[in-house]
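Residue-level structural notes
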Amino acid sequence: MKNSLCIGLLLAVVTLIYGNTLRSEFTMDDGIYVLRNAQVTQASVRALFAPNKISNVFRPVTFASFALNWRLGGARPFGFHLFNLILHAGVTWLLFLLLDALLGPSPQAKVVAFAAALMFAVHPLHTEAVSSVVGRAELLAAAFLFAAWILHLNDQQIPALICFVLALLSKESAVIFLPLVLVGDYARGKWKPRLRYAVIAGVTLAYLGMLWKAQGGRFGQISISQLDNPLAVIPAQWRILNALRVAWKYAALHFYPAKLSCDYSFNTIPIYLDWRHTLPALLGAMAAVAVWIWAVWKRRSGLILAGGIYLVGFAVTANILMPTGTIMGERLAYLPSAGFCLLAALGWNWLRGRQRIVALTALTAVVAAFGMRTMVRNRDWQDNLNLYSAAVRVSPGSAKMHNNLGGEYMAAVQWDLAASEYETALRINPDYPDVLSAYGLLEVWRGHSDVAGHMMERALNMSRRDNPNYDFMAVNYAALLMQTDHIDGALNVLNSEITESPSYSRAWSNRAVIHYKQGQTAPARTDAEKALQLDPANTQAQNLLRALSTPASPKAKE
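Computed from a predicted structure; not experimentally measured. Residue numbers run consecutively from 1 along every chain, following the written order of its sequence. The predicted nature of this model means local features are confined to residues of pLDDT at least 70 and side-chain atom pairs, given and counted, to a pLDDT of 80 or more, with totals for whole chains, interfaces and linings taken over all residues. Remark: hydrogens and water are excluded; side-chain values derive from all non-hydrogen atoms of the structure.

Before going further, it helps to examine the packing of aromatic side chains. To pair, rings of Phe, Tyr and Trp, with the six-membered ring standing in for Trp, must have centres within 6.5 Å; the planes then decide the type, stacked if under 30 degrees apart, edge-to-face if over 60, and tilted in the middle. Taken as a whole, this structure holds 17 aromatic pairs when the rule is applied. On the numbers, 6.2 Å between centres and 50 degrees between planes, the contact of Phe 63 with Phe 66 is tilted. Here Phe 63 and its partner Phe 66 are both found in helix 5 (residues 60-73), 3 residues apart, which amounts to about one turn of the helix. The same class applies to Phe 63 as to Phe 66, namely buried. Ring centres 6.1 Å apart and planes at 35 degrees place the aromatic pair Trp 415 and Trp 445 in the tilted group. Of this pair, Trp 415 sits in helix 20 (residues 415-428) while Trp 445 sits in helix 21 (residues 433-446); the two residues are 30 residues apart in sequence, bridging distant segments of the chain. By relative accessible area, Trp 415 is classed as partly exposed at 29%. Runs of E in the DSSP output that reach at least two residues are strands. Runs of H or I that reach at least four are helices, and both are numbered from the N terminus. A simple rule labels every residue: compare its accessible area, found with a 1.4 Å probe on the protein chains alone, to the largest value its type can have, and call it buried under 20%, exposed over 50%, or partly exposed in between.

Glancing now at helix 18 (residues 384-394). Regarding helix 18, the residues found buried are Asn 384, Leu 387, Tyr 388, Ser 389, Ala 390, Ala 391 and Val 392. When checking whether two residues touch, look at their non-hydrogen atoms; a contact exists if any pair is within 4.5 Å. Lining the buried residues of helix 18 we find helix 17 (356-380) and helix 19 (399-411). At the N-terminal boundary of helix 18, the capping side chain belongs to Asp 383, with an oxygen 3.2 Å from the backbone nitrogen of Leu 385. The term polar contact refers here to a pair of N or O atoms within 3.5 Å; inside protein, the definition further demands a hydrogen-donor-capable atom paired with an acceptor-capable atom, and it admits residues adjacent in sequence only when both atoms are side-chain atoms.

Below, the discussion takes up the packing of helix 20 against helix 21. Between helix 20 and helix 21, the shortest axis-to-axis distance is 10 Å and the interhelical angle comes to 150 degrees. As judged from the angle between their axes, helix 20 and helix 21 are roughly antiparallel. At the point where helix 20 passes helix 21, the crossing takes the left-handed sense. Contacts from Trp 415, Asp 416, Ala 418, Ala 419, Tyr 422, Glu 423, Ala 425 and Leu 426 of helix 20 reach helix 21 at Val 435, Leu 436, Ala 438, Tyr 439, Leu 442, Trp 445 and Arg 446. Helix axes are fitted only over the stretch in contact, all axes being lines through C-alpha atoms; the angle between N-to-C directions runs from 0 to 180 degrees. Note on angle classes: values under 35 degrees are labelled roughly parallel, values over 145 roughly antiparallel, values of 65 to 115 roughly perpendicular, and the remainder oblique. Two helices cross in a left-handed way if the nearer one is turned anticlockwise from the farther one by less than a right angle. They cross in a right-handed way if the turn is clockwise.

Looking now at the confidence of the model for the protein chain. In low-pLDDT segments, the atomic positions of the prediction should not be examined closely. Mean pLDDT over the protein chain stands at 92; residues scoring 70 or higher make up 98%. Taken together, the stretch residues 553-558 has pLDDT below 50 and engages in 12 contacts with residues farther than four places along the chain or on a different chain. A score between 0 and 100, pLDDT records how confident the predictor is in each residue.

See below:
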C-alpha cells in the first residue's frame, strides 16, 4: 500500500469513529480550564505564560489553542471538539510515519506501522483524551513529540527542537523526548552525533528550570489532595508499589477496555500497605522489564521500540518518580499506548506470516470491536449527566463521581436523587467538604436551614484556599447567614472572602446586598459596580443597581 492510501484510510477511520464527539457539550474539567479560565476567555501573552491559578499547570500552547477556539466560536463546544478530532487524526498520521521510519524501509515494516496506527486510531482507552476538550494537552504533546522525533530521524535538528519546545509547552510530560530518541536510535542502530543529544538534554534542563521557577519552586500542583491521589499521602516505598499495581490496571485496559471511567480517585482503587497485595505487581513489573532488557540485548528492534515507548511514556505520570495530581487517568495512556499498539501489531504480523487469513480476520475483528466500543464510549462524554452516571456504574467507590452526579441531579431539580448521591459520597468519604457544601445548599432549597448551616459551616472550616470550590462554598454560606438574619456573620465571611479572593464577583454583590438592606447606598453601589466590573453577567449586581436608581431606594446612612 502507498503511504497516501494508508494515511487516507487512517484519517477516514478516525473521522468515522470520533465523528459523534462533535455533538458533545463541555464536560467535567472543561469548565475550569476553558469556560472559567481567564487564560482562555481573556487571553494575553502574559496570562498564557503564567501557571494556571487553580492547578498550577504551565501549558501556554494548550491554553493558546483553547483561546483560539474561543476567539473563533465563543463558548460553543463544536469547534473545540472538531479541533480535538483533527488533532487525533494528525497524531495517528504522525505515528504511522514515525513507525514506518523507525522500523525500516521493508514492505513488512510498513504493514506493521499501518496496523499499529490503525489500532491506535480506534483504541477505546483514547476516548478521554479525544472526547474531553481538556484532553487536548495529551493530543498536542503527542503530536509535537512525534513530529520532533520524525524530524530528528531526518537530521532536521532546528525544526525538531522547535517541535520539542512546543510539546513541552503543551504538557510537562513531554520531557521524555530524549529517552525516546535514544531508544529509537539504538533500535535502528543509527546513532546521531553526540552534540544533538546534548542539545536536547540542554533544552530539557532549561525547560525544567523555567517550569520550577514558574510554578513557585516546585513541580506540579501546590498540594495534592488525598481525594485525587491517595498515593501522595503514603510513604514512598508503598506509593511506588501501589503505583505498579495501577500500572497493571493500565495494561489490562489496553487489552480489554470494557469498563472505562473518567475518574479513579478515592476510593476507587484500593491502597495496600503490605507485601501480600503489592509483591505480585512488583514481580510482574520486574519480569516485564527483564523481557524488554532481553530484547535490548538481542537487538529485537520492534520489541525495543514497543517496550521503550510504553515504559518511557508512563515514566513521569505513573507516580513512581514523584506523586502526580491523580492516581490514574485514562488520558495519561494516550502516548504510551503507541507502544502497546506497536507490540500488538508485531504479534499480529508474526501470525500473518503463518496464517494470513486468520491474521487478517483477527485484525478486522479487533479494529471493529475497538471502534464500536469507542463510539459507544464517546456517548458517555456527551454531557456531564451521562458521564457521571457512567462513572458511578464503573467506579462505584468514587466519592467525587457521586458528588458530581448529585450536582447534576440538583441542576435538574431531582432533589431526592441528588440527596442519595451525596449520602453515598459521604459514606465513602465523611470529610469531603465539597459534598457537605453541596448537600447543605440542597437542604437550603428544601427549607432545612439549620441542618444546612451546620453542613456548610463544617465544609468551609475544613477547606483550604487551594480548593477550586472554596469561593463558591464561602459565598453560599454567607448567603445562608443573610437569609437567616445572621448579618454580622455573613459580613465577616464576605469581608474575609473579598480580602483573600478579590476577583470573585459574587462576594462583592452579596456584600452589596447587605449594605443595601442596611440603608448604606454608597457602599452598596460601590460593591455592585465592582461585582459587575468583574463579571458583567452578575444578575444580582444588575438588579441591585437598578433598585438603587429608583426613587424607592432607602436613604443613605452616611
